[in-house]
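An overview of the molecular structure
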Amino acid sequence: MAGRGIYVESSIRAPLAEVWARTQDLEDHPRWDLRFSSIEPTTLDDEAQRFRYARRIPWRTVQGVGISIGERAGADGSRTSALRFATDDPLSPIRSGRGYWRYVPDGDSVRFITGYDFEPGMGRVVDLVARPLLGWATAWSFDRLRIWLERGEAPERWPLRSVLWIWRPERPRAARCLRAPASGRHRDDPLRDAPSTLGRLPDPHGSGRHGSGRHGSGPRR
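Let me sum up the structure you'll find in this document. (Residues numbered from 1 in each chain as written. Predicted model: local features only at pLDDT ≥ 70, side-chain atom pairs only at ≥ 80, totals over all residues. Heavy atoms only, no water.)

1. Here's the deal with the overall build of the protein chain
The line we're drawing: Comment: elements are numbered from the N terminus, with helices defined as DSSP H or I runs of at least four residues and strands as E runs of at least two. For each residue, the accessible area found with a 1.4 Å probe, counting protein chains only, is set against the maximum for its type, and the residue is called buried under 20%, exposed over 50%, and partly exposed in between. Only heavy atoms matter for contacts: two residues are in contact if any of them lie within 4.5 Å across the pair. We get accessible surface area from the Shrake-Rupley algorithm with a probe of 1.4 Å; when it comes to residues, only the shown protein chains can shield them.
Helix and strand counts for the protein chain come out as 4 helices and 7 strands. Each helix (α) and strand (β) of the protein chain, taken in turn from the N terminus, gives the series β-α-α-β-β-β-β-β-β-α-α. Among the 221 residues that make up the protein chain, the fraction classed as buried is 51%. Considering only intrachain contacts with a sequence separation of at least 6, the fraction spanning at least 24 residues in the protein chain is 63%. Within the structure as shown, the protein chain displays about 10900 Å² of accessible surface, and the carbon and sulfur contribution to it stands at 51%.

Pasting the structure below:
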């Protein structure tokens, strides 16, 4: 990967199974995650789920493909999922990338963590702007997810323009999330804590073996 990786961590007061279910569901994912407008499953390739994704912006819809796999339980009760993604769109700030989600039980809460990195799609100058914006969007989305799970408020109640509602202190805020590991470990390389499954994921542009392509269940990420 070409730049400094992105790390985001949110503490969510909800059962781990509920956080897992909400974040692994393809239909729910674009509702709370600002980085996606849609995610559609395509095929199952062995234990991995292939999918297409899109992000609509005012002048264009950027589309790409991904593949993901999940480990449902670790020895400490945590869960992890891994992802690779790529796009051929010449106007996308991302060419290809990889990352993980980690779900760590913490009393009555779950530490929901992501680490990811990517190859820039439009050169280093654009990446200097796009990378911090993507980090902010990830953190803001994680806090919107937290509000959904903790308070039952649908993500649609908090559109992107709500960042301007300064009179609403309960609105989603990226600042509520950690942007680096609290311990300082792997501060410059959050992918060093990625699950081993990340290294086994094939190129998302590969055709893979045709599977059920079922809808309504999340990517095994």
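Having put the structure on the table, let's press on.
2. Quick look at the pairing of strand β6 (residues 94-106)
Here is the rule we go by: Two strands form a pair only when DSSP identifies at least two bridges running between them.
Alignment of strand β5 (residues 79-86) against β6, held across 8 bridges, turns out to be antiparallel. Paired with Leu 83 across the bridge in β6 is Gly 99. In the sheet, β6 pairs with strand β7 (residues 109-120) via 12 bridges, with the strands oriented antiparallel. Across the sheet, Tyr 100 pairs through a bridge with Gly 115, a residue of β7.

3. So, the packing of aromatic side chains
Cut-off, in case you're wondering: A pair of aromatic rings is counted whenever rings of Phe, Tyr or Trp (Trp by its six-membered ring) have centres within 6.5 Å, and the orientation is called stacked for planes under 30 degrees apart, edge-to-face for over 60 and tilted otherwise. Two conditions define a charge sitting above a ring: the NZ of Lys or the CZ of Arg must be within 6 Å of the ring centre, and it must be within 35 degrees of the ring normal.
Applying the stated criterion across every chain yields a total of 10 aromatic pairs. With a centroid separation of 6.4 Å and 65° between ring planes, the pair formed by Trp 32 and Phe 112 is classed as edge-to-face. Of this pair, Trp 32 sits in helix α2 (residues 29-32) while Phe 112 sits in strand β7, and the two are 80 residues apart along the sequence. The residues Trp 32 and Phe 112 share a single accessibility class, namely buried. Summarising the aromatic geometry, the rings of Trp 158 and Trp 165 are spaced 6.1 Å apart at their centres and angled 55° between planes, so their arrangement reads as tilted. In terms of burial, Trp 158 and Trp 165 fall into one category: buried. Three or more aromatic residues link up through ring pairs in this structure, and these residues are Trp 20, Trp 32, Trp 101, Tyr 103, Phe 112 and Phe 142. One residue, Arg 79, lies across the ring of Trp 20, its end atom 5.3 Å from the ring centre.

4. Some details on a nonpolar patch on the surface
Put simply, the rule reads: Grouping into patches uses exposed residues only, defined as over 30% relative accessible area, and leaves out salt-bridged ones; the cut-off is 9 Å for like charges and 5 Å for nonpolar side chains (Val, Leu, Ile, Met, Phe, Trp, Tyr). When a carboxyl oxygen of Asp or Glu lies within 4 Å of a side-chain nitrogen of Lys or Arg, that pair is called a salt bridge.
Among the surface-exposed residues, Trp 59, Leu 91, Met 122 and Val 126 lie close enough to one another that they form a single nonpolar patch of about 400 Å² accessible area. Inspection of the secondary structure puts Met 122 in the loop between β7 and α3 (124-151).

5. Digging into the packing of helix α1 (residues 16-24) against α3
Short version of the rule: Here an angle of 0 to 180 degrees is reported between the N-to-C directions of two axes, which are lines fitted to C-alpha atoms, with helices fitted over the stretch in contact. Between 65 and 115 degrees an angle is taken as roughly perpendicular, under 35 as roughly parallel, over 145 as roughly antiparallel, and anywhere else as oblique. Crossing handedness: left-handed means the near helix sits turned counterclockwise from the far one by under a right angle, and right-handed means the same turn made clockwise.
Closest axis-to-axis distance for the α1/α3 pair is 11 Å, and the angle between their directions is 130°. By the criterion of interaxial angle, the relationship of α1 to α3 is oblique. Here α1 and α3 pass one another in a crossing that is right-handed. Listed contacts from α3 to Glu 18, Val 19, Arg 22 and Thr 23 of α1 are Leu 145, Trp 148 and Leu 149.

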